[in-house]
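Chain by chain, the residues:
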Amino acid sequence: MTDAPLSDAPLPRLEFWCDLECPDCRTALDDVRALRAQYGDALTIELRHFPLEKHKHAYAAAEAFEEAFAQGQGWAYAEALLGRCEELGRAGQPVLTALAGELGLDAEEVELALIDGRHMLVVDTDQAEGKAIGITGVPTYVIGGRRLDGGKSQDGLREQIVAIIEAARSGQ
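A quick note: this is a predicted structure, and the numbers were derived from the prediction, not measured. (Residues numbered from 1 in each chain as written. Predicted model: local features only at pLDDT ≥ 70, side-chain atom pairs only at ≥ 80, totals over all residues. Heavy atoms only, no water.)

Draft legend 1. Looking closely at the pairing of strand 1 (residues 14-18). In terms of burial, strand 1 is largely enclosed, as five of its five residues are buried. The side-chain alternation of strand 1 yields two buried faces, one formed by Leu14, Phe16 and Cys18 and the other by Glu15 and Trp17. Note that strand 1 and strand 2 (residues 45-49) share five bridges and pair parallel. Each residue of the ladder has a partner; that of Trp17, found in strand 2, is Arg48. Crossover connection from strand 1 via helix 1 (residues 23-39) to parallel strand 2: handedness right-handed. (Buried < 20%, exposed > 50% of the residue type's maximum accessible area, 1.4 Å probe, protein only. Helix = DSSP H or I, 4+ residues; strand = E, 2+ residues; numbered from the N terminus. Pairing = 2+ DSSP bridges. Right-handed = clockwise from strand over helix to strand, strands pointing away.)

Following this line, the structure appears as structure tokens:
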């Protein structure tokens, strides 16, 4: 039996803990995009919800994301919404359904999901799990059992993530 080449080693999953009304999370998307470009589909990046109380529409934004995800466009919705987080802060929930329509999603279904709360359990579970592992702010990354907090500064986080990925690849 031979060892598999290092490039075939599975990469650790990256959790991107996010508030979809947070300008710092919008900035963090640059790192997420760079990691996607570097590792492609080999790196699973999962958006996890940690809506902050100071962002009054972040919880609804997380629910709307989950509906967009159910319709097959979660990441596109998250990226577009983070690009409009100030507008969301000013205008509120109408931004969520308007954006869904702009992306070709069923905007009425997004609005209905906000009314009937079908995705509340996912958001609540993420928030509870985040608190349980010590997340207090966003953006925060969890990869390879390590939590990397980006709420105060995102400097060097991508490099730390790459180091963790490469260590996992080489079996260290």
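Draft legend 2. Layout of the sheet that holds strand 2. Ordered in space as 2-1-3-4, the four strands form an open sheet in which the pairing is mixed. Sheet topology places strand 2 and strand 4 (146-149) at the edges, where each strand pairs with a single neighbour. On average, each strand axis in the sheet is inclined to that of its neighbour by 25°, with strand direction left out of account. The sheet contact formed by strand 1 and strand 3 (residues 140-143) spans four bridges and is antiparallel. Paired with Glu15 across the strands is Val142, a residue of strand 3. Of the strands in this sheet, strand 1 and strand 2 touch helix 3 (residues 74-82), which is tilted by about 60° from strand 2. Where helix 8 (residues 157-169) meets the sheet, it contacts strand 1, strand 3 and strand 4, and its direction lies at approximately 165° from that of strand 4. (Axes fitted to C-alpha atoms, helices over the stretch in contact; angles between N-to-C directions. Contact = heavy atoms within 4.5 Å.)

Geometry only, nothing functional implied.
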